[in-house]
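Read off the chains here:
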Amino acid sequence: MTFPATAFAIGTVALLLAMLTKQKWWWRIIHFFFVPLAWWFTSWGIDPVWYLFAALMTLTVYRGAITGRVPLFLSNRKTVNALSILIEERQGTRFLDLGAGIGSVVRPLARRFRSAHFSGIENAPATWLLGYVMTRGLKNCAWRWGNLRNAHLGEYDIVYAFLSPAAMPALWKKACREMRSGTVFVSNSFPAPGTEATEIIEVDDARNTVLYCYRI
Ligand SMILES: C[S@@+](CC[C@H](N)C(=O)[O-])C[C@H]1O[C@@H](n2cnc3c(N)ncnc32)[C@H](O)[C@@H]1O
């Protein structure tokens, strides 16, 4: 078989496997086109250094996907509105977003609740930098570089995480160890293992976001 025919044959097998394993439609498209596109790009004669450069640039955003199986995806406005209700319940709340991305949560909340204090911790260079620039003018928002595993959760009234199922077992143990009694741990989409949520908030958005809230 020629190279293009081989590439499409591999893509077809990958597509069939993706269908058999009931993967989402966009995964099926990725599986089908991945090898044919890899073949097509080699025919352009691009210097391999550019591929290395693109991979390194991708790492500055998606580092978490490799080191902890946590990629970047952002909380939406409706989720932020749902979190507002939790903050309204107490004056002067101290709120932490673990893996804060570009600040999609702490920025709007810090603008809305001037008497509360917000912190975000992030360890992917490009997203950290963008978040740093965008939160600079906010006096009640601390934007930190670092690994969420080293954050001390005992200082906060609400700790928010939007990570992945892989991150939850260790994080939940950490929350139980460090958070004070009466404070709230909120996980977007991924429940803490082996425990019942105190409250479940269903956000009325396109991705049917669920917030699992645990009162410590
Ligand atoms: C799913 S995104 C959520 C972003 C933001 N919290 C939001 O809701 O819009 C997860 C973020 O956690 C970051 N992250 C992953 N592992 C981390 C770690 N060990 N320490 C700090 N940040 C981490 C990723 O870089 C990514 O920006």
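The preceding data block contains the structure.
All of the points below concern the structure found in this document. (Residues numbered from 1 in each chain as written. Predicted model: local features only at pLDDT ≥ 70, side-chain atom pairs only at ≥ 80, totals over all residues. Heavy atoms only, no water.)

## Digging into the site of the ligand
For step 1, the next point in the chain: If you check the shell around the ligand, you find 22 residues, and the closest are Ser75, Asp97, Gly99, Glu122 and Leu148.
For step 2, the next point in the chain: Between the ligand and Asn123 there is a distance of 3.3 Å, counted from a nitrogen atom to a side-chain nitrogen or oxygen.
For step 3, the next point in the chain: For the ligand, the protein covers 98% of the area, taking 600 Å² as the surface of the free molecule.
For step 4, the next point in the chain: For the shell around the ligand, a count of residues per class yields 12 nonpolar, 8 polar and 2 charged. (Near = heavy atom within 4 Å. Polar contact = N/O pair within 3.5 Å; in protein donor to acceptor, adjacent residues only side chain to side chain. Areas by Shrake-Rupley, 256 points an atom, 1.4 Å probe, with all protein chains shown as cover. Nonpolar A, V, L, I, M, F, W, Y, C, P; charged D, E, K, R; others polar.)

## As for the nonpolar core
For step 1, the next point in the chain: By size, the foremost hydrophobic cluster in this structure holds 48 residues, and its most contacted members are Leu83, Phe95, Leu98, Leu109, Phe118, Phe185 and Val186.
For step 2, the next point in the chain: Not counting chain neighbours up to four residues away, the residues in contact with Phe118 comprise Ile87, Phe95, Val106, Leu109, Ala110, Phe113, Asn140, Cys141 and Ala142. (Core = buried A, V, L, I, M, F, W, Y, C linked by side-chain atoms within 4.5 Å. Buried < 20%, exposed > 50% of the residue type's maximum accessible area, 1.4 Å probe, protein only. Contact = heavy atoms within 4.5 Å.)

## Looking at the packing of helix α1 (residues 3-20) against helix α2 (residues 25-42)
For step 1, the next point in the chain: Remark: α1 packs on α2, axes separated minimally by 7 Å, with the N-to-C direction vectors making an angle of 165°. Classified by the interaxial angle, the pair formed by α1 and α2 is roughly antiparallel. The crossing of α1 and α2 is right-handed. Seen from α1, the contacting residues are Phe3, Pro4, Ala7, Phe8, Ile10, Gly11, Thr12, Ala14, Leu15, Ala18 and Met19; seen from α2, they are Arg28, His31, Phe32, Val35, Pro36 and Trp39.
For step 2, the next point in the chain: Of the residues that constitute the contact of α1 with α2, the class distribution is 13 nonpolar, 3 polar and 1 charged. (Axes fitted to C-alpha atoms, helices over the stretch in contact; angles between N-to-C directions. Helix = DSSP H or I, 4+ residues; strand = E, 2+ residues; numbered from the N terminus. Parallel < 35°, antiparallel > 145°, perpendicular 65-115°, else oblique. Left-handed = near helix turned anticlockwise from the far one by under 90°.)

## Examining the pattern of salt bridges
For step 1, the next point in the chain: All told, the structure shown has 2 salt bridges when counted by the stated rule.
For step 2, the next point in the chain: Of the charged contacts in the structure, one is a salt bridge between Glu178 and Lys174, with a shortest N-O distance of 3.0 Å. In this pair, Glu178 and Lys174 both sit in helix α7 (residues 168-178), 4 residues apart, roughly one turn of the helix. (Salt bridge = Lys/Arg side-chain N within 4 Å of Asp/Glu carboxyl O.)

## Some points on the side chain of Thr183
For step 1, the next point in the chain: With respect to the helices, strands and loops of the structure, Thr183 is situated in the loop between α7 and β5 (184-188).
For step 2, the next point in the chain: At a separation of 2.5 Å, a polar atom in the side chain of Thr183 contacts the main-chain carbonyl oxygen of Arg180.
For step 3, the next point in the chain: Setting aside chain neighbours within four positions, we find Thr183 in contact with Arg90, Tyr156, Asp157, Tyr214, Arg215 and Ile216.

## Topic: unusual backbone geometry
For step 1, the next point in the chain: Positive phi values are uncommon outside glycine, yet Lys22 reaches one of about 55°.
For step 2, the next point in the chain: Along the chain, Lys22 turns up in the loop between α1 and α2.
For step 3, the next point in the chain: Here the phi dihedral of Asn208 falls at roughly 50°; this positive angle occurs in a residue that is not glycine.
For step 4, the next point in the chain: For Asn208, the position within the fold is in the loop between β6 (199-202) and β7 (210-215).

## Considerations on α7
For step 1, the next point in the chain: Along α7, the residues classified as buried are Met168, Leu171, Trp172, Lys174, Ala175 and Glu178. The buried residues of α7 occupy an angular sector of 160° when projected down its axis, which confines them to one face. In α7, the exposed positions angled more than 90 degrees off the buried face are occupied by Ala170, Lys173 and Arg177.
For step 2, the next point in the chain: On its buried side, α7 packs onto β1 (94-98), β4 (158-161), β5 and β7. (Arc of directions from axis to C-beta.)

## Observations concerning the packing of aromatic side chains
For step 1, the next point in the chain: This model, assessed by the stated rule, comprises 16 aromatic pairs.
For step 2, the next point in the chain: Taking 4.9 Å as the distance between ring centres and 75° as the angle between the ring planes, the aromatic pair formed by Phe73 and Phe162 counts as edge-to-face. Note that Phe73 is positioned in the loop between α3 (48-67) and α4 (77-88) and Phe162 in the loop between β4 and α7, a separation of 89 residues in sequence.
For step 3, the next point in the chain: A residue is classified by how much of its surface remains accessible, and Phe73, at 35% relative accessible area, is partly exposed. (Phe/Tyr/Trp six-rings, centres within 6.5 Å; stacked < 30°, edge-to-face > 60°.)

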